[in-house]
Each structure stands twice: as C-alpha cells, then as structure tokens.
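Topology and contacts: notes
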Amino acid sequence: MGADDRRLDVLRAIVEDYVLTQEPVGSKALVERHRLGVSPATVRNDMAALEEEGYIRQPHTSAGRVPTDRGYRLFVDRLSRVKPLSVAERRAMERLLVGAVDLDDVVHRTVRLLAQLTRQVAVVQYPSLARSSVRHLELVPISTTRLTLVMITDTGRVEQRMVELPEPVPAEDVLHLRGVINASLGGVALSQTPPIVADLVETAAAEHRTAMRALASVLLETLVERTEERLALAGTANLTRGNVLDFPGSLRPILEALEEEVVLLKLIGEVEPSTTRVRIGDENEIEDLRAASVVSTGYGPGRTVVGSLGVVGPTRMDYPGNIAAVRAVARYLGDVLAQN
C-alpha cells in the first residue's frame, strides 16, 4: 500500500471514530481500533501530513484530531461506503407509511420517519404545484352566487378557493361548468394551463360566460399564481445531541435559519431522484448554516421529480448512513405517490 492510500485509510478511520465517539481521535486509539498494519509512529506521521494538507485539525492542545470540512468532503467523495438500511429500519419505514390517509399524513409521517432514522433534522417539501398536473376540479355550490373550487393534483395536493359569482347560477349550470373545465384541464401540467383557461372564457356559451370569467380568475390564481411551497420539519431537538465542537458558540442562528421556509427550500433544492447532494460546512450558501451539513435528494413517482427531502445536522454526521436513509425514504415516498 502506498503512502497516499495509507493516509486515506487513516482519514477514514479518524472520520468514523470521531462520528462514533464525539471525541478528538489520537494515534494510539487509531492503532488500537483499526488494523492499519503500521506502527503508531507511522500513523502519527500520516496524521501530521493530513493536518498539513488541511484534512484534519487539532481543536485544542490534546493529541486528538478532528476532520475538517475538506476532510469530510474527501471522505464522502472517495472513502465512504453507503450503508444499506437494516431489516428493522426497512420494516419501520413500511409500517409508518402504510395506512396514511392523505397527502398531509404521508408528508408528516415521512418527515418523522426520516428524523428517526438519521437522528438529524429532517425536511420534506410537499409535492410542488409547479411540477404537478390537474387530476380533478370540483365546484361545490355554497349558495347561488358562491362556489368552493377544489383542485386535486396528480400528486395528491388539494387546493381550495372561494368563488364569488356576479349573478346567481343554477345548480345544473354549475355541473355543466365543472364538466367543461375538467374536460379541458384534466391531466394538464399546471404550468401549461393559462392559455387553456383563457380559451374556456372565449369559448363559453353566452349564458355561461360571466360565470366562467369569474371562475377563470380564481382558476389562474389557484393553478399558476400560487408560488409558495409547503414544507414539513421534524427532529430539531436532534441538534442538541452532539458536543461543543459541533456548533461552536450558539445554536440560535441555526434554529432561526431553519424557521425560514425560503432557506429550507434553498437547502434541499431541486435534486433528481437518482442524485444525492451533500453540502458540507462552508459549501452551504446560508451563512448561519456553515457549521452544518445537508444531505438531500429529489423524490417523485417514477422519474418525475415533484419535490425534495433531506436532513440537516452537524458536519460530524454519519454520512454513509444518512445518505442511505435519505435515498431509501425518497424511493419509498415516490412509490407511495405512484400507487395513490
């Protein structure tokens, strides 16, 4: 084994021990716990070389070393092996997600599951309206001049709006309008609906045009203009599980950052289902989260991406285990959406 390969083995051992013990790792502990096949003096030399190259550092005057962001990045890119979920973890995943009654229930079960599996902060984005299609639109009369418009997407999201009609509309006309709208918009991606909605007004019969114009205004608001995305968060208390080296100073800036949905959306981003993104420490764009790492991926039925999910935690995290959990939960959530 060459010196470079041996040093990579030493770095891997340091990362694994530090994640497990939460204590800076010394050469003596490495020799005792790992079969490195070299003397303690050689390990000390390798650690000195790794420190000089910026992969590990000495947090205080003790002999122990901890990985740097650069060391974690090398570990994730070249040294780590993704851990498969255990039988018990897979059983827990299936048990928790089976029996969910609606999309809200699915998302909240998923985010709790991800926090439990990883012992990190878990974030799950609801299926994005921007990536959804219309499954069905329902018009529910409240009175002769007021309707409730209910839109259901192919990903299970339900959006509701009140429609004020300028004049009374008989119940049979409401049924007719519902049929016309569903025939035109059913199965259409929300991003492609504006010209179709405009055509609905232009082609409506004279006696229905006033009501259709009022419906079209609310339809556009529901289908297109609603840009905010919804998120679910769980496991914030897991941030307190580590040691003083995980988040030097205060946890407050991190907690405040996690309360901002715009920040969370940036963190988990738009990632393809087959890709897992790992951002470590200073790689995060959000300044208050540069002491944290983020593991995220996209999810959806088949190859269609409808949302993202991920975990946030200290840079001292179990990357192989967290990557496996994030991937597995994303796959399972995509399967649940495909079946329903």
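Scroll up for the structure.
For the structure given in this document, a descriptive report is provided here. (Residues numbered from 1 in each chain as written. Predicted model: local features only at pLDDT ≥ 70, side-chain atom pairs only at ≥ 80, totals over all residues. Heavy atoms only, no water.)

**Thoughts on the packing of helix α6 (residues 103–118) against helix α12 (residues 319–339)**
- Running from amino to carboxyl end, α6 crosses α12 at an angle of 165°, the nearest separation of the two axes being 10 Å. Our classification of the angle between α6 and α12 gives roughly antiparallel. Helix-helix and strand crossings are classified by hand; for α6 and α12 the assignment is right-handed. Two secondary-structure elements touch here, α6 through L103, V106, T110, L113, L114, L117 and T118 and α12 through N322, A325, V326, V329, L333, V336 and L337. (Axes fitted to C-alpha atoms, helices over the stretch in contact; angles between N-to-C directions. Helix = DSSP H or I, 4+ residues; strand = E, 2+ residues; numbered from the N terminus. Parallel < 35°, antiparallel > 145°, perpendicular 65-115°, else oblique. Left-handed = near helix turned anticlockwise from the far one by under 90°. Contact = heavy atoms within 4.5 Å.)

**Focus: the environment of P24**
- Within the secondary structure layout, P24 lies in the loop between α1 (3–21) and α2 (27–33).
- For P24, a relative accessible area of 21% translates into the label partly exposed.
- Here the alpha-carbon distance between P24 and I14, two residues 10 residues apart in the chain, equals 8.4 Å. (Buried < 20%, exposed > 50% of the residue type's maximum accessible area, 1.4 Å probe, protein only.)

**A few points about unusual backbone geometry**
- Even without being a glycine, Q22 presents a positive backbone phi close to 65°.
- In this structure, Q22 sits in the loop between α1 and α2.
- Of the residues examined, Q22 reaches a relative accessible area of 26% and is grouped as partly exposed.
- Although it is not a glycine, R119 sits at a positive phi angle of roughly 60°.
- When you line up the elements, R119 lands in the loop between α6 and β3 (121–125).

**Focus: the packing of aromatic side chains**
- On inspection of all chains with the given rule, the structure shows 1 aromatic pair.
- Aromatic side chains Y72 and Y319 sit 5.6 Å apart centroid to centroid with 50° between the ring planes, which places their arrangement in the tilted category. With Y72 in helix α4 (residues 69–79) and Y319 in helix α12, this pair connects stretches of sequence that are 247 residues apart. Per residue, the accessibility class of Y72 equals that of Y319, and both read buried.
- Note that R70 overlies the ring of Y55, its terminal NZ or CZ placed 4.5 Å from the centroid.
- Lying over the aromatic face of Y126, R230 brings its terminal NZ or CZ to 4.0 Å of the ring centre. (Phe/Tyr/Trp six-rings, centres within 6.5 Å; stacked < 30°, edge-to-face > 60°. Lys NZ or Arg CZ within 6 Å of the ring centre and 35° of its normal.)

**Focus on the sheet that holds strand β6 (residues 158–164)**
- Taken in spatial order, the 3 strands line up as β4-β5-β6 in an open sheet, and their pairing is antiparallel. The open sheet has two edge strands, β4 (134–143) and β6, and neither has a second partner. Across the sheet, the mean angle from the axis of one strand to that of its neighbour is 20°, orientation sign disregarded.
- Across the sheet, helix α7 (residues 171–185) is in contact with β4 and β5 (146–153); its angle to β4 comes to roughly 165°. (Pairing = 2+ DSSP bridges.)

**Observations concerning helix α11 (residues 261–268)**
- Turning to α11, its buried residues are V263, L264, L267 and I268. Mapping the buried residues of α11 onto a view down its axis gives an arc of 120°, with all of them on the same face.
- Positioned one or two residues after α11, G269 has a phi angle of 55°, which is positive. (Arc of directions from axis to C-beta.)

**Things to note about the pairing of β4**
- Bridge count for β4 against β5 is 8 bridges, and the pairing is antiparallel. Looking at β5, one finds that P141 is bridged to L147.
- What sits between the antiparallel neighbours β4 and β5 is a turn of 2 residues.

These figures capture arrangement, not role.
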